[in-house]
Amino acid sequence: MTDVNYELSNGRKVLVMVALIFATLVPMGDMVIIPAAESMYGHFSDTSMGVLNFILSGPALIGIFVAPIVGKLMAIMRKKTLLIIGVVIFTIGAVFGIAIENAVYMAVMRAIVGVAVGIVAPVCMAIMADIFHDEKQLGSMIGIWNAGMSGIGAVLSIVAGIVATIQWEYVFRIYLIALPILIMIFIFLPRKTPLETDRGAHDAEEQQHRSVSENQKMPWGPVLFDLVLYCLGAMIICVMYYQISMYVVETAIGNAAVAGILSTVLTIGTFVACVTFGPLYGKCKQYLPIIIFACIAITYALFAFVPNLVGAGIAMALDGIANGLIMSYYQTHLAVIVPEKQVPFALSLSSAFLGLGMFLTTYLTTFLQSIGNGTMIQVSLILAIGSLVLLMVLLGKE
């Protein structure tokens, strides 16, 4: 087996976690663009809507295809090297995203950002899995990492919203904070993680343990079951994440300010769930999928049957809790149900399936609106029923 006697000090682990949390600027980078979206659409009003939509959602799509490749690259390259490459690519694509005021150019640069998104998230999780060997501790650290990511996303959104009121193109300057983050990663992360070995030793180990290679095969049944549930859950959770303003208008419970407050409630719910995930995982990890999908079902039942401000507030809090739990649970669970050598690839698949779920959310909403009266209350009712079906599947499995 790989020598795991080399351990980082607790102080160094803290510095590594700080660097990894700030590196979530890359997967959360869209929060800089979203506040400027309306102004950008108006500025490029003569441009194809497909190009403009890609500027917003393109990185998530590109990341879906890049993440599995990165999972394989982690077997032959140092994770610190890959992380630095990812942040450098992001810095180039993001900072120079508006160097030329042309929508097609911007779409190309956003595709470059998508490559970085596909690299950074799975590498960060794989580094945590290398450093924290205890399952409960790993769950706690992944929860803290996700909490930090949601916090960074909230800060980026607030700052970008203020900057966009001055000049929408100025939001791209926010991405300059990637430069000190890059320096932080270079200094704080060790050259190799405790589970990484020199290539020569790795080759010798492979030769020595060739006879037990069967034990290193991916358990595809449980892995695919987790990934499909992760994708479906994320897709349902994100419907109201993206469409809360439409729900607020349809139900006449407020205006854009109310929608913003409700979005903040979701962010707070996500943060709380991520921070408390470690202890929760230690006490009832086998029941967490049931808890997650029960939260999702209750969320959309409230949206459907209690269309007022109080009901929406409770529903958004539950949606945030489900969001924090589903990310932290499946990222942790996938890391512990596969052989050690397959952990990077499994985590890269989790990033890809999360991105797929988020990308498909808007298409799911459009489809559900097309089969009835088109209201978000109807969409919520269908999603509540769908979540109950998934909950029944999980209960049957137990």
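Residues numbered from 1 in each chain as written. Predicted model: local features only at pLDDT ≥ 70, side-chain atom pairs only at ≥ 80, totals over all residues. Heavy atoms only, no water.

1. Section: the overall build of the protein chain
Broken down by element type, the protein chain carries 16 helices and 0 strands. On C-alpha atoms alone, the protein chain measures out to a radius of gyration of 21 Å, which is about the 21 Å that the 2.2 N^0.38 rule sets for 398 residues. In terms of overall dimensions, the protein chain has a C-alpha envelope of 65 × 55 × 35 Å along the principal axes. Here the analysis covers contacts within the protein chain between residues at least 6 apart in sequence; of these, 82% occur between residues at least 24 apart. Carbon together with sulfur atoms contributes 70% to the accessible area of the protein chain, which is approximately 17100 Å² in total. (Helix = DSSP H or I, 4+ residues; strand = E, 2+ residues; numbered from the N terminus. Rg over C-alpha atoms; globule rule 2.2 N^0.38 Å. Contact = heavy atoms within 4.5 Å. Areas by Shrake-Rupley, 256 points an atom, 1.4 Å probe, with all protein chains shown as cover.)

2. What about the pattern of salt bridges?
When their charged atoms lie close together, side chains carrying opposite charge are able to pair. According to the stated counting rule, one finds 3 salt bridges in the structure shown. Put simply, Arg110 and Asp30 hold a salt bridge, and the shortest N to O gap is 2.6 Å. Taken together, the residues Arg110 in helix H6 (residues 103-131) and Asp30 in helix H2 (residues 30-33) connect sequence positions 80 residues apart. Ionic pairing is found between Glu135 and Lys285, a salt bridge with its closest N-O pair at 2.9 Å. Placement of Glu135 in helix H7 (residues 135-164) and of Lys285 in the loop between helix H12 (277-284) and helix H13 (288-305) is noted, with a sequence separation of 150 residues between them. (Salt bridge = Lys/Arg side-chain N within 4 Å of Asp/Glu carboxyl O.)

3. Concerning the side chain of Lys79
Among the structural elements, Lys79 can be located in helix H5 (residues 79-95). Since its relative accessible area comes to 5%, Lys79 is described here as buried. Polar contacts involving the side chain of Lys79 include one to the side chain of Asp130, which spans 2.9 Å. (Buried < 20%, exposed > 50% of the residue type's maximum accessible area, 1.4 Å probe, protein only. Polar contact = N/O pair within 3.5 Å; in protein donor to acceptor, adjacent residues only side chain to side chain.)

4. A short note on the packing of helix H15 (residues 343-370) against helix H16 (residues 376-397)
Look at H15 against H16: their axes get within 9 Å of each other, and the N-to-C directions meet at 105 degrees. With respect to H16, the element H15 is oriented roughly perpendicular. Of the residues in H16, those touching H15 at Leu364, Thr365, Leu368 and Gln369 are Met376, Gln378, Val379, Ile382 and Leu383. Here the residues of the contact of H15 with H16 are counted per class, giving 6 nonpolar, 3 polar and no charged. (Axes fitted to C-alpha atoms, helices over the stretch in contact; angles between N-to-C directions. Parallel < 35°, antiparallel > 145°, perpendicular 65-115°, else oblique. Nonpolar A, V, L, I, M, F, W, Y, C, P; charged D, E, K, R; others polar.)

5. A few points about the nonpolar core
Membership of the largest hydrophobic core comes to 81 residues, with the highest contact counts inside it found for Leu20 and Met128. Per-element tally for this core: the top contributor is H6, with 18 residues. What Leu20 contacts, discounting residues up to four positions off in sequence, is Leu83, Cys124, Ile127, Met128, Trp145 and Leu189. In terms of nonpolar packing, the next biggest core, distinct from the first, is built from 48 residues, Ile236, Leu288, Tyr330 and Leu390 among them. (Core = buried A, V, L, I, M, F, W, Y, C linked by side-chain atoms within 4.5 Å.)

6. Concerning H15
Note: α-helices contain 3.6 residues per turn, so residues at a spacing of three or four share the same orientation. Along its 28 residues, H15 runs 40 Å from first to last C-alpha, staying within 8% of the 40 Å computed at 1.5 Å per residue. Considering bend angle alone, the principal kink of H15 is centred on Thr361 and spans about 35 degrees. (Expected span 1.5 Å × (residues − 1). Bend = angle between axes of the 7 residues up to and from the residue.)

7. Describing the packing of helix H10 (residues 220-251) against H15
Two numbers describe how H10 lies on H15: the axes approach to 7 Å, and their chain directions differ by 45 degrees. Taken together, the axes of H10 and H15 lie oblique to each other. The crossing of H10 and H15 is right-handed. Of the residues contributing to the contact of H10 with H15, the split by class is 18 nonpolar, 6 polar and no charged. (Left-handed = near helix turned anticlockwise from the far one by under 90°.)

8. What about H7?
Its 30 residues give H7 an end-to-end C-alpha distance of 43 Å, which sits within 8% of 44 Å, the value for a rise of 1.5 Å per residue. The N-cap residue of H7 is Asp134: its side-chain oxygen and the backbone nitrogen of Lys136 are 3.2 Å apart.

9. Quick notes on the side chain of Thr299
Relative to the elements of secondary structure, Thr299 occurs in helix H13. Judged by its relative accessible area of 0%, Thr299 falls in the buried class. Beyond its immediate sequence surroundings of up to four residues, Thr299 is in contact with Ala315, Leu318 and Asp319.

10. Concerning the packing of aromatic side chains
Scanning all chains against the criterion turns up 12 aromatic pairs. Look at Phe90 and Tyr175: their rings are 5.5 Å apart centre to centre, the planes differ by 90 degrees, and that puts the pair in the edge-to-face class. With Phe90 in helix H5 and Tyr175 in the loop between H7 and helix H8 (178-188), this residue pair connects regions lying 85 residues apart in the sequence. You'll find Phe90 and Tyr175 in the same group, each marked buried. Between Tyr329 and Tyr330, the ring centres sit 4.8 Å apart and the planes meet at 80 degrees, which makes this aromatic pair edge-to-face. (Phe/Tyr/Trp six-rings, centres within 6.5 Å; stacked < 30°, edge-to-face > 60°.)

11. Comments concerning the state of the cysteines
With the rule as written, the count across this model stands at 0 disulfides. Here Cys124 stays unpaired: no disulfide links it, and the sulfur of Cys274, its closest cysteine neighbor, is 15 Å away. With no disulfide of its own, Cys274 lies 13 Å from the sulfur of Cys238, the closest cysteine sulfur. Here Cys274 falls in the buried class, since its relative accessible area comes to 0%. (Disulfide = S-S within 2.5 Å.)

12. Observations regarding the confidence of the model for the protein chain
This prediction gives the protein chain a mean pLDDT of 89; 93% of its residues lie at or above 70. pLDDT under 50 marks residues 1-5. Its contacts with residues more than four places away, or in other chains, come to 11 contacts. Within the model, the stretch residues 198-214 combines pLDDT values under 50 with 10 contacts to residues more than four positions away or in other chains. (pLDDT = per-residue confidence, 0-100.)

13. Remarks on a nonpolar patch on the surface
A surface patch of nonpolar side chains, about 470 Å² in accessible area, is lined by Phe305, Leu381, Ile385, Val389 and Val393. The leading source of residues in the nonpolar patch is H16, at 4 residues. Within the fold, Ile385 resides in helix H16. (Patch = residues over 30% accessible without salt bridge, like charges linked within 9 Å, V, L, I, M, F, W, Y side chains within 5 Å.)

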